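Architecture and fold: a report
What follows is the residue order along each chain.
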Amino acid sequence: MPALSGPEVPLLSGAEASLYTLFTRIAAIDQLARSLVERGLPQGLTLAQFAVLSEMGRTGQPATPLALATALGVTKQTMTTTVARLARRGCIDVAENPADRRCRPLRLTADGRATLAAGLARLGPDLALAADAAPDELVRSLSPGLAALQLALQAVASGAATTSAAPEQSKP
């Protein structure tokens, strides 16, 4: 792939250009996947809310807003807002923690499990078509690498990553 450059775009080459190209492909896949999922969502449920229900259903364990925010790549404040809306819908139960009032475990309610099941059932036919177009072998081979990329980007976003080639400091 040629380097990305032009009057409006700073020069990217090598690993940076490859990563940028990967990001643009992931963004396109994300948009297509969002459109597919949003068509099947239960009335009044947002994609963000469905993602929380899906993550909680996937793990089957109580979760904290911070753990969910980290898993879904959003801020804690965004997750707090989403959790409050799901609690108002009766989809999750926000438990009190007398030992630490800041840490409130969340659990799926029966309504939350039913809402998740209804969304997945409505999504099923579209997922079947997508699965035919993207064979399971392809999906399974991509998943570990994408999971590793997600962890690396989370480290960068949290400031835990270090750069291998820091820009040189100008000397006076």
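Below is a summary of the structure that appears in this document. Computed from a prediction, not measured in an experiment: that's the story for all the values here.

Quick notes on the rules
Residues numbered from 1 in each chain as written. Predicted model: local features only at pLDDT ≥ 70, side-chain atom pairs only at ≥ 80, totals over all residues. Heavy atoms only, no water. Helix = DSSP H or I, 4+ residues; strand = E, 2+ residues; numbered from the N terminus. Buried < 20%, exposed > 50% of the residue type's maximum accessible area, 1.4 Å probe, protein only. Contact = heavy atoms within 4.5 Å. Areas by Shrake-Rupley, 256 points an atom, 1.4 Å probe, with all protein chains shown as cover. Salt bridge = Lys/Arg side-chain N within 4 Å of Asp/Glu carboxyl O. Patch = residues over 30% accessible without salt bridge, like charges linked within 9 Å, V, L, I, M, F, W, Y side chains within 5 Å. Polar contact = N/O pair within 3.5 Å; in protein donor to acceptor, adjacent residues only side chain to side chain. Axes fitted to C-alpha atoms, helices over the stretch in contact; angles between N-to-C directions. Parallel < 35°, antiparallel > 145°, perpendicular 65-115°, else oblique. Core = buried A, V, L, I, M, F, W, Y, C linked by side-chain atoms within 4.5 Å.

**Quick word on the overall build of the chain**
Per the secondary structure count, the chain includes six helices and two strands. In the chain, the order of α-helices and β-strands from amino to carboxyl end is α-α-α-α-β-β-α-α. Relative to its 172 residues, the chain shows a buried fraction of 21%. Across the chain, every contact between residues at least 6 apart in sequence was considered, and the portion connecting residues at least 24 apart equals 51%. Entry remark: accessible area of the chain is about 12100 Å², with carbon and sulfur atoms responsible for 60%.

**Considerations on the pattern of salt bridges**
This model, assessed by the stated rule, comprises four salt bridges. The residue D30 makes a salt bridge to R34 at a minimum N-O spacing of 2.8 Å. One end of the pair, D30, and the other, R34, are both in helix α1 (residues 14-39), four residues apart, so they sit about a helical turn from each other.

**A closer look at a nonpolar patch on the surface**
A surface patch of nonpolar side chains, amounting to about 610 Å² of accessible area, comprises L19, L22, F23, I26, L138, L142, L146 and L153. At the level of elements, α1 and α6 (136-158) are the ones that each hand at least two residues to the nonpolar patch. Tracing the sequence through the fold places L19 in helix α1. When its relative accessible area of 34% is taken as the criterion, L19 is described as partly exposed.

**Thoughts on the side chain of T109**
Within the secondary structure, T109 sits in the loop between β2 (106-108) and α5 (110-133). At 2.5 Å, the side chain of T109 forms a polar contact with the backbone oxygen of G90. Within the local environment of T109, its side chain forms a polar contact with the backbone nitrogen of G112, the two atoms lying 3.0 Å apart. Not counting residues up to four positions away in its chain, the partners in contact with T109 are G90, C91, I92 and D93.

**Here's the deal with the packing of helix α2 (residues 47-59) against helix α3 (residues 65-72)**
Between α2 and α3, the shortest axis-to-axis distance is 11 Å and the interhelical angle comes to 105°. Viewed along their axes, α2 and α3 adopt a mutual orientation that is roughly perpendicular. Across the interface between the two elements, A51, V52, E55 and M56 of α2 pack against L68, A71 and L72 of α3.

**Some details on the nonpolar core**
Ranked by internal contacts, the top residues of the largest apolar core, which has 21 residues, are V37, L53, M56, L68, L86 and I92. Of all elements in the fold, only α1, α2, α3, α4 (76-89), β2 and α5 reach the threshold of two or more residues within this core. The dominant element in this core, judged by the number of residues it contributes, is α2, at five residues.

Geometric descriptors of this kind do not, in isolation, establish any biological role.
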